[in-house]
Amino acid sequence: QKEVEQDPGPLSVPEGAIVSLNCTYSNSAFQYFMWYRQYSRKGPELLMYTYSSGNKEDGRFTAQVDKSSKYISLFIRDSQPSDSATYLCAMMDTGFQKLVFGTGTRLLVSP
Amino acid sequence: NAGVTQTPKFQVLKTGQSMTLQCAQDMNHNSMYWYRQDPGMGLRLIYYSASEGTTDKGEVPNGYNVSRLNKREFSLRLESAAPSQTSVYFCASRADTQYFGPGTRLTVL
């Protein structure tokens, strides 16, 4: 079993839809949770960064962490065609330098 | 402030050839990383360096070597390239979280 599981998609939605992207994990030591966005033929760029459980909002993006269920989510409101990309979840515990990544979910937002 | 830079952007090698991928960061980060990204496999850590002068193996280190030349630079070397090393390679550096370079697309024939 992988430490981090993420549905590869693709997830296709119309412009303006609310998008929900999710990851589950097995390592209860993970404390730091990140979402990266990766456009085709580009490097991943950090989108959201949260510590422990709870919600964090930044514009149209909301990151949610439920440590009791080992489940994290990224919500995108009023999705735009420019949001079409692959979204990678990543997580880290407090003792190590390494991030563990999900395989990424490809999102397609159609006009 | 360029962030993390990588050279070259593209490279084609023949089996058995060697090459070095270069990475530099100007954010004064202590930790640097090399990943490879393959379809369906996500990002896999090859090697990392927690600080200048130290390096450690990641998940898939076989066939690679690294050098942390100084705080800014972290290079990845393929001594004898194999077709299985065809991939996109990303370098990253870390403060609170990791910041990635634009990647090197490597094809080994």
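Counting restarts for each chain: residues are numbered from 1 in the order of the written sequence. The naming scheme follows written order: chains are lettered A onward, ligands numbered 1 onward. pLDDT decides what is reported in this predicted model: residues at 70 or higher carry local features, side-chain atom pairs at 80 or more are listed and counted, and totals for whole chains, interfaces and linings draw on all residues regardless. Hydrogen atoms and water are omitted, and side-chain values are computed over all heavy atoms in the structure.

Student: Can you tell me about the overall build of chain A, naming the residues and giving the values?
Tutor: Helix and strand assignments follow DSSP, with helices taken as H or I runs no shorter than four residues and strands as E runs no shorter than two, numbered in order from the N terminus. What chain A contains, in helices and strands, is zero helices and eleven strands. The linear arrangement of helices and strands in chain A, starting from the amino end, is β-β-β-β-β-β-β-β-β-β-β. Atoms counted for the radius of gyration: C-alpha only. Globule rule: 2.2 Å times the number of residues to the power 0.38. In summary, chain A has a C-alpha radius of gyration of 13 Å against a globular reference of 13 Å for 111 residues, a match within 12%. Seen along its three principal axes, the alpha-carbon backbone of chain A occupies a region of about 45 × 25 × 20 Å. With 111 residues in all, chain A has 41% of them scored as buried. Should any heavy atoms of two residues lie within 4.5 Å, those residues are considered in contact. Summarising the internal contacts of chain A: among those between residues at least 6 apart in sequence, 54% fall at separations of at least 24. Where accessible areas are quoted, they stem from the Shrake-Rupley method and a 1.4 Å probe; at the residue level, only the protein chains shown are allowed to cover. For chain A, the exposed surface amounts to about 5,400 Å²; the carbon and sulfur share of it is 48%. Each residue's exposure class comes from its accessible area (1.4 Å probe, protein chains only) as a fraction of the maximum for that residue type: buried when under 20%, exposed when over 50%, partly exposed otherwise.

Student: If you had to explain the interface of chain A and chain B to someone new, which residues and values would you point to?
Tutor: Taken together, the contact pairs 18 residues of chain A with 22 residues of chain B. Accessible-area loss on putting two parts together, using a 1.4 Å probe and summing over both, is the definition of buried area adopted here. Note on chain A versus chain B: buried area summed over both sides is about 1,500 Å², and carbon and sulfur give 56% of it. Salt bridges are counted wherever a side-chain nitrogen of Lys or Arg sits within 4 Å of a carboxyl oxygen of Asp or Glu. Where chain A touches chain B, the interface holds zero salt bridges. Pairing of N or O atoms within 3.5 Å defines a polar contact, subject to two protein rules: one partner must be a possible hydrogen donor and the other a possible acceptor, and residues neighboring in sequence count only if both atoms are side-chain atoms. In this structure, the connection of chain A to chain B is made through three residue pairs in polar contact (both at pLDDT 80 or more). Elements represented by at least two residues in the side of chain A that touches chain B include exactly β4 (30-38), β5 (45-51) and β9 (85-93) of chain A. With three residues, the top contributor of residues to the side of chain A that touches chain B is β4 of chain A. Residues of the side of chain A that touches chain B, tallied by class, amount to nine nonpolar, five polar and four charged. Classification convention: Asp, Glu, Lys, Arg as charged; Ala, Val, Leu, Ile, Met, Phe, Trp, Tyr, Cys, Pro as nonpolar; all other residues, Gly among them, as polar.

Student: Describe in detail the state of the cysteines, supporting the description with residues and values.
Tutor: All names here are of chain A. The disulfide criterion is simple: two cysteine sulfur atoms within 2.5 Å. In this structure the tally under the stated criterion is two disulfides over all chains. A sulfur-sulfur distance of 2.0 Å marks the disulfide that ties cysteine 23 to cysteine 89. Around the S-S axis, the bridge from cysteine 23 to cysteine 89 shows a dihedral of about -105° and counts as left-handed. One end of the pair, cysteine 23, is in strand β3 (residues 19-25); the other, cysteine 89, is in strand β9, and 66 residues separate them in sequence. The buried category is assigned to cysteine 23, whose relative accessible area is 1%.

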